[in-house]
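Spelled out, the chains give:
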Amino acid sequence: DTEVTQTPKHLVMGMTNKKSLKCEQHMGHRAMYWYKQKAKKPPELMFVYSYEKLSINESVPSRFSPECPNSSLLNLHLHALQPEDSALYLCASSQDSWDRGSNTEAFFGQGTRLTVV
Amino acid sequence: QKEVEQNSGPLSVPEGAIASLNCTYSDRGSQSFFWYRQYSGKSPELIMSIYSNGDKEDGRFTAQLNKASQYVSLLIRDSQPSDSATYLCAVHVNAGGTSYGKLTFGQGTILTVHP
C-alpha cells in the first residue's frame, strides 16, 4: 500500500480567507513533503518534515504555514493568499528522510487543486 | 546549468515502438534517481527508481544509469497509447550546505503514443 490521502481535492478561497490542506499516510513513513505545481511545470519543493520536525523550508512566504501534528499527518495552513498562489499542491511521503536513510522513494497524494480568487 | 535537465520533447512514437527518455544532472554526488509518470490533471506516480550504474528492468520499463556521464534514461518498450503522459526525471541533489540531497525534478517530457 503506497497511499497518501489529501483533502480536499479542490479548494476555492478568497484572498482574505484562512483554510487548511490535509495530508495523511499510514505507511509508517518518517518523512513528509509539500510540493507546489503550476500548470506545465514540474513540482517545486516547499517544505520537508523529517521525524515530525521541519527540516527544509524552501524560502516559502509566511502565508503558507506547515504543521505536522504526528507522524501520519501533515497540514498546510493558508492565509492571505494571492491569485498567483493558485496551483496544484502535492503532499508526498517516503520511508526514510533524505538525511537519514537510503529508502527515499517518494509517493505522492492526489493533490489539492487550489484556486485563489 | 539546471540541476536536472530532460530532453525537451514533446516525443511522439507509434504504438509498439520503443520510447526513449533522457535526463542529465549536475550534482556528481547524487545517489538516487527516479522516474515519475504524470497524466494530465493527476499527481506524479513513481514508476522506476535506480541507484547503481547499469540497467534496471521492470516489465516494459528499463531505467539506465551512468554516473560517470551524469546521465539517466528511461526506455519504454512496446509503447501503448495509455503510456501517453508527462515523464518526470527526479534526482536527489545536494541541498547546499547540508549533508543530504533534496528531490529535484526535471522539466518533464511529454510523450504521445499514437495508434
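Residues numbered from 1 in each chain as written. Chains lettered and ligands numbered in written order. Predicted model: local features only at pLDDT ≥ 70, side-chain atom pairs only at ≥ 80, totals over all residues. Heavy atoms only, no water.

## Looking at the state of the cysteines
Residues and elements named next belong to chain A.
Right, so step 1: Applying the stated rule across the entire model yields 2 disulfides over all chains.
Right, so step 2: Disulfide partner of cysteine 23: cysteine 91, at an S-S distance of 1.9 Å. Linking cysteine 23 and cysteine 91, the disulfide has an S-S dihedral of approximately -70 degrees and is accordingly described as left-handed. Taken together, the residues span a long stretch of sequence, with cysteine 23 in strand S3 (residues 18–25) and cysteine 91 in strand S9 (residues 87–94) at a distance of 68 residues.
Right, so step 3: For cysteine 91, a relative accessible area of 0% corresponds to the buried category.
Right, so step 4: No disulfide involves cysteine 68; its sulfur sits 9.3 Å from the nearest other cysteine sulfur, which is in cysteine 23. (Disulfide = S-S within 2.5 Å. Helix = DSSP H or I, 4+ residues; strand = E, 2+ residues; numbered from the N terminus. Buried < 20%, exposed > 50% of the residue type's maximum accessible area, 1.4 Å probe, protein only.)

## What to know about the interface of chain A and chain B
Right, so step 1: With 22 residues of chain A at the interface, the matching set in chain B holds 20 residues.
Right, so step 2: Surface buried jointly by chain A and chain B totals about 1700 Å² across both partners, of which 56% is contributed by carbon and sulfur atoms.
Right, so step 3: Across the chain A-chain B interface, the total number found is 1 salt bridge.
Right, so step 4: Among the salt bridges present, the one from lysine 102 of chain B reaches glutamate 58 of chain A, with a minimum N-O distance of 2.5 Å.
Right, so step 5: Between chain A and chain B we count 6 residue pairs in polar contact (both at pLDDT 80 or more) in total.
Right, so step 6: Listing elements by their share of the side of chain A that touches chain B, those giving two or more residues are strand S4 (31–37), strand S6 (53–57), S9 and strand S10 (107–108) of chain A.
Right, so step 7: When grouped by side-chain class, the residues that make up the side of chain A that touches chain B number 11 nonpolar, 6 polar and 5 charged. (Contact = heavy atoms within 4.5 Å. Buried area = accessible area lost by both parts, 1.4 Å probe. Salt bridge = Lys/Arg side-chain N within 4 Å of Asp/Glu carboxyl O. Polar contact = N/O pair within 3.5 Å; in protein donor to acceptor, adjacent residues only side chain to side chain. Nonpolar A, V, L, I, M, F, W, Y, C, P; charged D, E, K, R; others polar.)

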